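# Working through the structure, step by step
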Amino acid sequence: MTYEEAKTLLETNGQGHVLRFWDALDAAARAALLAQIETLDFASIARMQGLLKDAGKPAAAAGAFEPAPVAVPEGETQAAYRAKGEELLRAGKVAALLVAGGQGSRLGYDGPKGAYPIGPISDRPLFWFHARKLLGLKRTYGAPVPFYVMTSETNDAATRAVFEANDYFGLDRADVFFFVQGMWPALTPEGKIILDKPGHIFMSPDGHGGVLAALERSGALADMARRGVEQVFFFQVDNPLVDIADAAFVGFNAAHGADMSLKVCKKRDAHEGMGVVVVRDGRYAMVEYSELSDEQMERTNPDGSLWLAYGSPAIHVFSLAFLRAEADRPMPLHLAHKKIAMVDDAGQTVKPDKPNGYKFEKFIFDVIPNAKTLLTLAFDRTQEFSPVKNAEGNDSPATAKRDLQAKWRGWFAQAGVSLPEGMPLEVDPAFALDAAQLKAKGLLIG
Ligand code: UTP
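In what follows, the accompanying structure is described. Note that the coordinates shown come from a computational prediction; the quantities given were computed from them, not determined experimentally.

Moving on, we get to the site of the ligand. Neighbouring residues of the ligand: 18 residues in total, closest V99, G101, S105, R106 and Q181. In the environment of the ligand, an oxygen atom lies 2.7 Å from a nitrogen or oxygen atom belonging to the backbone of R106. A distance of 2.9 Å is found between an oxygen atom of the ligand and a backbone nitrogen or oxygen belonging to G207. For the ligand, the protein covers 86% of the area, taking 560 Å² as the surface of the free molecule. Here the shell around the ligand is composed, by residue class, of five nonpolar, nine polar and four charged.

Take a look at the structure:
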């Protein structure tokens with residue numbers, strides 16, 4: 001793109017200010033700025049500007065809805081789902097999809113969140129636990145579960161470096177596919193693109209919902225199809241307890257021929273900040289925490305249980321066919337008011353002390369209403385969900401390490417080994433993926 005082309009494009013879209021420091025830029029900075037301008041998607045920017053009209057207003061109420069029915073399979077039904085999932089795993093028809101492009105701002109860790117040391121004894125990173133589960137699955141079922149890892153421009157190189165430094169955690173490199181999500185500019189309340197340096201547009205990742213377009217653009221969907229993948233297990237980087245490609249869950253989705261299934265778990269309390277799966281106007285939808293009134297959150301059933309008892313920890317299975325159908329469909333945008341470093345008229349970068357602009361994101365759960373068949377499955381959160389979101393308190397490294405060790409301690413107990421209370425503990429998922437595998441090792445600890 002030439003300067004003249006960029007100028008015309010920007011001015012036509014009311015963004016001529018992006019070039020206002022042009023004369024002061026050197027050749028490299030000019031080329032980099034033109035390259036950035038070329039990536040701008042003005043149709044999406046126009047949609048973002050449309051959203052700014054409602055910015056600052058409280059989230060719209062979610063309206064009338066009912067909580068979605070939740071399946072709690074047990075006994076033979078559960079065993080049948082597991083058998084179905086195991087059959088798919090043995091046939092190599094299951095893929096793992098990890099979204100790891102986020103910025104982890106609440107944790108405040110300098111690096112990709114997946115590199116955060118979570119091993120209670122070893123300090124091994126979150127990525128280690130995810131990858132070693134995939135290795136455990138390959139050993140168990142004799143076929144690889146290909147691993148699709150979404151990064152963002154900010155953490156792509158660092159993420160690949162962690163995999164390299166650890167020799168891909170024992171996985172075959174051919175079974176790991178990195179792809180980068182899209183980036184979007186942020187806007188001022190007046191709808192203007194924000195420059196964070198004189199020759200640089202501030203850009204941020206387009207949200208975990210950006211995964212659909214990124215899967216398509218990168219060729220990952222085609223790669224899945226080439227491998228004969230039918231079911232795609234979706235998870236987030238911050239949950240070291242996640243039961244990746246859980247056979248019963250994958251089998252549950254496949255047995256029903258569903259487009260998508262969501263795991264849901266009992267909320268800690270009425271106000272826990274989780275989205276809830278609902279049925280609204282005859283369609284499934286996710287209602288975000290911010291859209292719920294106190295009355296809706298606190299409402300109880302006649303037996304005293306919470307009306308909205310279950311929340312979504314973002315553990316899903318998609319059919320590949322559904323992901324392919326959704327990849328080209330425009331998704332809704334969500335905006336967040338943030339503090340964004342911005343250049344002043346003198347070209348100096350100024351860090352604001354209060355929110356001054358809007359970032360935009362797509363959310364994966366916005367595909368839910370498009371699913372023809374969708375199911376939710378209850379699971380025990382003590383065994384599968386303890387995310388690392390915050391530096392301290394709830395959902396922090398300390399709680400995740402505590403919950404990991406409690407889970408492993410339970411496995412040892414089931415294997416007939418009782419460990420002293422408080423003894424630090426760590427299990428390599430490639431050694432044992434669950435209590436049964438641990439027991440089969442015939443451990444003796446005295
Ligand atoms: P969160 O919403 O918890 O965000 O992401 P985050 O970026 O990890 O942390 P905060 O909010 O800045 O503290 C949930 C999952 O979605 C991924 C994250 O990497 C995490 O696995 N994600 C989020 C993306 O892959 N891309 C995004 O643009 C946003």
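Turning next to the pattern of salt bridges. Taken as a whole, this structure holds 23 salt bridges when the rule is applied. Ionic pairing is found between K93 and E230, a salt bridge with its closest N-O pair at 3.4 Å. In this pair, K93 sits in the loop between helix 4 (75–90) and strand 2 (94–99) while E230 sits in the loop between helix 8 (220–227) and strand 9 (231–236), placing the two residues 137 residues apart along the sequence. Note on E230: relative accessible area 36%, which makes it partly exposed. When the shortest N-O distance is used, the salt bridge between D223 and R226 registers 2.7 Å. Taken together, the positions of D223 and R226, both in helix 8 and three residues apart, correspond to about one turn of that helix. Take D223: its relative accessible area is 11%, and that puts it in the buried class. Each of the salt bridges in this network shares a partner with another, and the network as a whole consists of R82, D246, K263 and E384.

Our next topic: the environment of F129. Here F129 lies in helix 5 (residues 126–141). Here F129 falls in the buried class, since its relative accessible area comes to 1%. For F129 and R106, which are 23 residues apart along the polypeptide, the C-alpha to C-alpha distance reads 21 Å. Sequence-distant contacts of F129, that is, excluding residues within four places in its chain, are made with I118, G119, R124, W408, E426, V427 and P429.

Close contact between helix 4 and helix 9 (residues 247–255) brings their axes to 6 Å; oriented N to C, the two are set at 90°. Judged by the angle between their axes, helix 4 and helix 9 are roughly perpendicular. In this structure, helix 4 contributes Q78, Y81, R82, K84, G85, E86, L88 and L89 to the contact, and helix 9 contributes A247, A248, V250, G251, F252, A254 and A255. Residue classes in the contact of helix 4 with helix 9 are distributed as nine nonpolar, three polar and three charged.

Strand order in the open sheet made by the three strands is 1-11-12, with antiparallel pairing throughout. Because the sheet does not close on itself, it has two edges, and the strands there are strand 1 (66–67) and strand 12 (283–287).

Let's shift gears to the side chain of H316. Along the chain, H316 turns up in strand 14 (residues 316–319). Among all residues touching H316, those that are not within four sequence positions of it are V232, F233, F234, F249, M260, S261, L262 and I364.

So, about the packing of aromatic side chains. Overall, the coordinates contain 20 aromatic pairs when judged by the stated rule. With centroids separated by 5.1 Å and ring planes inclined at 85°, the aromatic side chains of Y81 and F252 adopt a geometry described as edge-to-face. With a gap of 171 residues between them, Y81 in helix 4 and F252 in helix 9 connect regions that are remote in the sequence. The exposure class assigned to F252 is buried, which follows from its relative accessible area of 2%. Relative to F318, the ring of F234 lies with its centre 6.0 Å away and its plane at 85°, an arrangement referred to as edge-to-face. Of this pair, F234 sits in strand 9 while F318 is found in strand 14, placing the two residues 84 residues apart along the sequence. Put simply, the rings of F127, F147, F163, Y168, F169, F178, F233, F235 and F249 pair up and form one aromatic cluster.

With that settled, the discussion passes to unusual backbone geometry. A positive phi angle, near 55°, is found at A245, a position not held by glycine. Inspection of the secondary structure assignment puts A245 in the loop between strand 9 and helix 9. Residues other than glycine seldom take positive phi values, yet D395 does so here, at roughly 50°. Take D395: it is sitting in the loop between helix 12 (381–384) and helix 13 (397–414). On the accessibility criterion, D395 (16% relative accessible area) is buried.

Reading the values: the criteria
Residues numbered from 1 in each chain as written. Predicted model: local features only at pLDDT ≥ 70, side-chain atom pairs only at ≥ 80, totals over all residues. Heavy atoms only, no water. Near = heavy atom within 4 Å. Polar contact = N/O pair within 3.5 Å; in protein donor to acceptor, adjacent residues only side chain to side chain. Areas by Shrake-Rupley, 256 points an atom, 1.4 Å probe, with all protein chains shown as cover. Nonpolar A, V, L, I, M, F, W, Y, C, P; charged D, E, K, R; others polar. Salt bridge = Lys/Arg side-chain N within 4 Å of Asp/Glu carboxyl O. Helix = DSSP H or I, 4+ residues; strand = E, 2+ residues; numbered from the N terminus. Buried < 20%, exposed > 50% of the residue type's maximum accessible area, 1.4 Å probe, protein only. Contact = heavy atoms within 4.5 Å. Axes fitted to C-alpha atoms, helices over the stretch in contact; angles between N-to-C directions. Parallel < 35°, antiparallel > 145°, perpendicular 65-115°, else oblique. Pairing = 2+ DSSP bridges. Phe/Tyr/Trp six-rings, centres within 6.5 Å; stacked < 30°, edge-to-face > 60°.

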